[in-house]
Amino acid sequence: MAADDVDRIVSAWRRERPDLDVTPLEVLSRISRLARRLDLARGRAFAGTGLERWEFDVLSALRRRGAPYELSPGQLVTETLVTSGTMTNRVDRLAARGFVERHPDPGDRRGVLVRLTDAGMAAVDTALAELLADERALLAQLDDDEQADLAELLRRLLGPFESGPA
């Protein structure tokens, strides 16, 4: 297998700091570099649909919820890992674009629910299809068993950082 940039970085560190075990760099530097490339690819995929990454995050949280495709702002904060102030601004901006609507929460007179509109559903569904096509192409280098093995290994690494099922 041909050497990649991480191999060169690790080799240089081994030469310069033979007293340190730089083995973690072989895995985690690749994950970091891959994450950066995926982030850029997602930006390109969403640009074709006119969505920003944060818009996709909010809309997809609502879409994954299932009918009637609504969540409280607090639930959206939990799903997207942003502050409540940030979420308020995001919901305002998505509502202005016609992608979400606010409705009174029937279970809490003071609360509201954020609901995906038909336009929001169309936008997130189109963006997801674009994203999956791009990501499928990236993973084409691995067969189905390798993809399953990699997914399980990454699940084990990510597990301690996750809060539970989405």
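Residues numbered from 1 in each chain as written. Predicted model: local features only at pLDDT ≥ 70, side-chain atom pairs only at ≥ 80, totals over all residues. Heavy atoms only, no water.

K.L.:
For the packing of aromatic side chains, give the residues involved together with the corresponding values.
P.N.:
Scanning all chains against the criterion turns up one aromatic pair. Aromatic pair F46 and F56: ring centres 4.3 Å apart, planes at 25 degrees, arrangement stacked. Here F46, found in helix α2 (residues 23-47), pairs with F56, found in helix α3 (residues 53-65); they are 10 residues apart in sequence, far enough to count as distant. Among the residues examined, F56 registers a relative accessible area of 8% and is labelled buried. (Phe/Tyr/Trp six-rings, centres within 6.5 Å; stacked < 30°, edge-to-face > 60°. Helix = DSSP H or I, 4+ residues; strand = E, 2+ residues; numbered from the N terminus. Buried < 20%, exposed > 50% of the residue type's maximum accessible area, 1.4 Å probe, protein only.)

K.L.:
Please provide a residue-by-residue account of the nonpolar core, values included.
P.N.:
In terms of nonpolar packing, the biggest core is built from 25 residues, with L59, L62 and L76 touching the most fellow members. Contributions of two or more residues to this core are made by α2, α3, α4 (73-80), α5 (84-96), β3 (108-116) and α6 (118-139). If you tally residues by element for this core, the top one is α3, at six residues. Those residues in contact with L76 that sit more than four places away from it in its chain are V58, A61, L62, L71, M87, V91 and V114. (Core = buried A, V, L, I, M, F, W, Y, C linked by side-chain atoms within 4.5 Å. Contact = heavy atoms within 4.5 Å.)

K.L.:
Outline the sheet that holds β3, supporting the account with residue identities and numerical values.
P.N.:
An order of β1-β3-β2 is seen for the three strands of this open sheet, with the pairing classed as antiparallel. Both edges of this open sheet fall to β1 (70-71) and β2 (100-105), since each of them pairs with a single strand only. Inspection of the sheet shows β2 paired to β3 by six bridges, in the antiparallel sense. The partner of D105 across the bridge, within β3, is D108. (Pairing = 2+ DSSP bridges.)

K.L.:
Can you explain the pattern of salt bridges? Please cite residues and give values.
P.N.:
A full pass over the atoms with the stated rule returns 16 salt bridges. For R42, the salt bridge goes to E135, with nearest N and O atoms at 2.9 Å. Taken together, the residues R42 in helix α2 and E135 in helix α6 connect sequence positions 93 residues apart. Among the ionic pairs, R102 bridges to D92, the shortest N-O distance being 2.5 Å. Of the two residues, R102 sits in strand β2 while D92 sits in helix α5, which places them 10 residues apart along the sequence. Its relative accessible area of 39% is what places R102 among the partly exposed residues. Within this structure, D4, D7 and R30 form a network of salt bridges that share partners. (Salt bridge = Lys/Arg side-chain N within 4 Å of Asp/Glu carboxyl O.)

K.L.:
Just give me the short version of the environment of L139, but keep the residues and values in it.
P.N.:
Considering the arrangement of structural elements, one finds L139 in helix α6. A residue is classified by how much of its surface remains accessible, and L139, at 33% relative accessible area, is partly exposed. With 85 residues separating them in the primary sequence, L139 and W54 have C-alpha atoms 24 Å apart.

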